[in-house]
Amino acid sequence: KKVLSILIGSEYTKVCEVDYKKIYKNKNIRVYRSIIFDTPQGTVEDGFIKDIDSFGGELKSQLKAAKIKSDRVIFIVNSSKIANREIIIPHVKEKRIMDIIITGASEYFPIDIEDYILSYQIIENKKSVSSKRRQRKLEKKERKLAKKQAKIDKKLDKKKSKTEKIAENMELMDTSTSTSSETDTKDTTQDKLKEKNQMRLAVYAAPSDLIKNYYSFARHMHFDIIAIDYYGNGSYQSIKRQSKRGTNMYIQMNERDTIFNILREDVLVLQRTVNYGLKDM
């Protein structure tokens, strides 16, 4: 079904009427109509809709003029009040993720969590099919290489003269060196396996009164809220659908801020928001 994707900014409001189907060739999303209009002055501040009646009246008239009739809505919120952090957790089932986030929330955010609503987005999921099986394969490979090296050493040893052999024995090679290198190899292997059993998450904390504000506005407009998303995540989801090969940086200049997204293939490596935008220019 068609939905309205609405971004309410302090300067401009953007609305897209879209739907999503797997059969579409162009990345599954189809845009039917889109409009941009000036947000009535003083009605919106840092994501909060301060004057629901005035802004609601303007939005209704703009939707009517554009012949947009959908009432199912996804709000995209851009507010400095929303805190976001990137965290890494061990690979777990998705139903357990929120429990882990709630447990560590006080470490991620220096705020009173009771006044905030938490959410997350999986950025990267490094899951190994079977760590033990992969570890056994790596150990087997190491043993094969060791046997191969031993055969080569044996052949070389036969070619050496007695004088060379005595000279090597006299050097008293430190056996601890080889032992430590073997341990280092095993440690590296285990580290790699651990890395492949991790999840990178973007965790968001939005003030409860901000979310309630949007639900109040939706009731006033007779909208059915499908979702409320953070602007940074909305930006990333859009960019990753058109991300090119390799590592690329995407700079999105907005009214009051600029978002830098660095993607490797379609995976978000880094996202930063700078508090300078087009208005400052």
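Residues numbered from 1 in each chain as written. Predicted model: local features only at pLDDT ≥ 70, side-chain atom pairs only at ≥ 80, totals over all residues. Heavy atoms only, no water.

**Looking at the overall build of the protein**
Test applied: Segments assigned H or I by DSSP are reported as helices when at least four residues long, segments assigned E as strands when at least two residues long, and all are numbered from the N terminus. The buried label goes to any residue with under 20% of its type's maximum accessible area, the exposed label to any with over 50%, and the partly exposed label to all in between, with areas taken from a 1.4 Å probe on protein chains only. Note on contacts: a residue pair qualifies if any of its non-hydrogen atoms lie within 4.5 Å across the two residues. With residues, only the protein chains shown are counted as cover, and all accessible areas are computed by Shrake-Rupley using a 1.4 Å probe.
Of regular secondary structure, the protein possesses seven helices and 13 strands. Put simply, the protein has 281 residues, and 31% of those count as buried. Taking the contacts inside the protein whose residues are at least 6 apart along the sequence as the reference set, 63% of them involve residues at least 24 apart. As presented, the protein carries roughly 19,400 Å² of accessible surface, and 51% of it is formed by carbon and sulfur atoms.

**What about the environment of G232?**
Take G232: it is sitting in helix α7 (residues 231-240). Here the alpha-carbon distance between G232 and Q271, two residues 39 residues apart in the chain, equals 8.0 Å. The contact partners of G232, leaving out residues within four places of it in the chain, are I259 and Q271.

**What about the sheet that holds strand β10 (residues 224-230)?**
Applicable threshold: A pair of strands is treated as paired once DSSP finds two or more bridges between them. Axes here mean lines fitted to C-alpha atoms, for a helix over just the part in contact, with angles spanning 0 to 180 degrees between N-to-C directions.
The five strands are arranged β3-β2-β1-β6-β10 in an open sheet whose pairing can be described as mixed. In the strand order of this sheet, the two ends are held by β3 (29-38) and β10, each with one partner. Averaged over all neighbouring strand pairs, the angle between strand axes comes to 20°, with direction disregarded. Of the pairings in the sheet, the one linking strand β1 (residues 3-8) to strand β6 (residues 72-77) comprises four bridges and is parallel in character. Counterpart to S5 in the pairing with β6 is I74. With respect to the sheet, helix α6 (residues 208-221) is in contact with β1, β6 and β10, its orientation differing from that of β10 by roughly 150°.

**Side note on a nonpolar patch on the surface**
Note the threshold: For patch detection, residues must exceed 30% relative accessible area and be free of salt bridges, and they are connected within 9 Å for like charges or within 5 Å for nonpolar side chains (Val, Leu, Ile, Met, Phe, Trp, Tyr). One speaks of a salt bridge when a side-chain nitrogen belonging to Lys or Arg is within 4 Å of a carboxyl oxygen belonging to Asp or Glu.
On the surface, M249, I251, M253, L278 and M281 cluster together to form a nonpolar patch covering roughly 560 Å² of accessible area. With respect to the secondary-structure elements, M253 resides in strand β11 (residues 247-253). Residue class for M253 comes out partly exposed when judged on its relative accessible area of 41%.

**Things to note about the side chain of T39**
With respect to the helices, strands and loops of the structure, T39 is situated in the loop between β3 and β4 (44-45). What T39 contacts, discounting residues up to four positions off in sequence, is G9, S10, E11, Y12, T13, V44 and F55.

**Some thoughts on the sheet that holds strand β13 (residues 267-274)**
Pairing in this open sheet of three strands is antiparallel, and the strands run β11-β12-β13 from one edge to the other. The open sheet has two free edges, formed respectively by β11 and β13, since each of these has just one partner strand. Neighbour-to-neighbour, the strand axes of this sheet turn through a mean angle of 15°, independent of strand direction. Direction of pairing for β11 relative to strand β12 (residues 258-264): antiparallel, over a ladder of seven bridges. Along β12, the bridge assignment pairs N248 with L263. The strands that α7 touches are β11, β12 and β13; relative to β12, the one it contacts most, it runs at about 45°.

**Here we look at the nonpolar core**
Rules: Side-chain atoms within 4.5 Å are what join buried Ala, Val, Leu, Ile, Met, Phe, Trp, Tyr and Cys residues into a set we call a nonpolar core.
Ranked by size, the top nonpolar core spans 35 residues in total, and within it I6, I8, L59, F75, F217 and F223 carry the most contacts. Among the elements of the structure, β1, β3, α1 (52-65), β6, β9 (198-207), α6, β10 and α7 are those that each provide at least two residues to this core. Broken down by element, the residue count for this core peaks at six residues, all from α6. When residues no more than four places from it in sequence are discounted, the contact partners of I8 are T13, V44, I49, F55, F75, I76, Y214 and F217.

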